[in-house]
Each structure stands twice: as C-alpha cells, then as structure tokens.
Amino acid sequence: MTDNPLSVVDHETSTVRRSIYIAAPVEKVWRAVTEPEHISRWFGRTVLVGDGAGARGTVTWPGEPAIPIRVEEADLPRSISYRWWNDGGAAPGRGGPDPRHSTVFTFVLEPAVGGTQLTVTETGFETTTDPTGNLESHRLGWDAQLDRLVALLGATR
C-alpha cells in the first residue's frame, strides 16, 4: 500500500477514479501505461497489435481467460484510453470489446514536482451485468494495481 489516496466510486456516474503521485518523470510513467512489455510488469500480461488509437489485444492474469482490449484514444504523453470487456461469462468474439457491454479506463498524466500525477478514471459500469459489484471490484483492483505501478517505478529508477 502506498501513501496515495485510494480509489473512489461514484455510483451516480458509474465511475471509479484514483489519482496518485509517482516519483518518476512523465515519460517513464507514459511508457509504463502504454507499452505492453511495461504494462505486463505491473498490471496483467498485455499484448497489443498496432500503435495508438485502434491498437487491439488482450490482458491476461494467471488462471483467468484473456480479456479483449482496444486503445480508444491516445494523446502522447498526456492521456490514453483503453476499452476492455471484463464482465464475466463468455467473452465477446474476435471483434474485441463491444462498446455496449464494456468499460473504458483513461490514464491522465500531469507533471508534478519531482514526478508525475497519474489519474485513472474508469467509466461505463452501467452497461455491465452487475454495476455495483463491478464498481467495487474495479475499485479494489485499481488500488492494488496502481500500488504495484508505484512500487515498480520507484524500484527501477
């Protein structure tokens, strides 16, 4: 656990948000949230085909099925948005995450004294089969995963 605030759920907007400080430059944090080999070190094993908006692939955790993911938008090195399907049950077909039944998470990076302020916002939970349960699950997930990111970047300076 870091000293950063924990994730916050907004049930009215079906959103999970967490803002953290990382003692690493924006460029290093950008690589950590955009390059599959770096994402795989703190998140799940990530494979992406293509660069920038439109890149497609999967995220996989041990013992779990691969989750389809697609880069929706990228504004180097300020923000990147990913759409993913992770609502339980059978995964969608090869087309990737269906916009009607998936969520989008966006990383926004801002320079801060001695490092980077990183905010992740995930939206779209109202389209899932269990909005309340999924909001809570993802809140806990972002707490754990972003703490891993902070530890990784702090350990690899």
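What this report covers is the structure whose coordinates are included nearby. Being a predicted model, the structure only gives us computed values, none of them experimental.

## Here we look at the overall build of the chain
Each helix and strand in the chain was counted, giving 3 helices and 8 strands. Ordering the α and β elements of the chain from the N terminus gives β-β-α-α-β-β-β-β-β-β-α. Here the chain holds 157 residues, and 46% of them are scored as buried. Contacts in the chain between residues far apart in sequence, at least 24 positions, make up 51% of those at least 6 positions apart.

## Observations regarding the pattern of salt bridges
Across all of its chains, the model carries 6 salt bridges by this definition. A salt bridge links R70 to E72; the shortest N-O distance between them is 2.7 Å. On the accessibility criterion, E72 (27% relative accessible area) is partly exposed. Of the charged contacts, one joins D143 and R139 as a salt bridge, the two residues approaching to 3.4 Å between their closest N and O atoms. On the criterion of helical spacing, the pair formed by D143 and R139 is a turn pair, its members being 4 residues apart in helix α3 (residues 131-155).

## As for unusual backbone geometry
Residue P77 is reached from L76 by a cis peptide bond, and omega for that bond is -15°. Positive phi, normally seen in glycine, also occurs at S14, with a value near 50°. Along the chain, the position of S14 falls in the loop between β1 (8-10) and β2 (15-22).

## Thoughts on the packing of aromatic side chains
Note on aromatic pairs: each is described by the distance of the centres and the angle between the planes. In total, this model carries 14 aromatic pairs according to the counting rule given. Here F43 and W61 contribute two aromatic rings whose centre-to-centre distance is 5.1 Å and whose plane-to-plane angle is 70°, an arrangement assigned as edge-to-face. Within this pair, whereas F43 is found in the loop between α2 (36-42) and β3 (45-49), its partner W61 is found in the loop between β4 (56-60) and β5 (67-75), the two being separated by 18 residues in sequence. Aromatic side chains F107 and W142 sit 5.8 Å apart centroid to centroid with 90° between the ring planes, which places their arrangement in the edge-to-face category. Here W142 lies in helix α3 and F107 lies in strand β7 (residues 103-112), a separation of 35 residues in the sequence. Each member of the pair F107 and W142 is classed as buried. Taken together, W42, F43, W61, Y82, W84, F105, F107 and W142 form an aromatic cluster joined through their ring pairs.

What counts and how
Residues numbered from 1 in each chain as written. Predicted model: local features only at pLDDT ≥ 70, side-chain atom pairs only at ≥ 80, totals over all residues. Heavy atoms only, no water. Helix = DSSP H or I, 4+ residues; strand = E, 2+ residues; numbered from the N terminus. Buried < 20%, exposed > 50% of the residue type's maximum accessible area, 1.4 Å probe, protein only. Contact = heavy atoms within 4.5 Å. Salt bridge = Lys/Arg side-chain N within 4 Å of Asp/Glu carboxyl O. Phe/Tyr/Trp six-rings, centres within 6.5 Å; stacked < 30°, edge-to-face > 60°.

Function-wise, these values are silent; they only describe arrangement.
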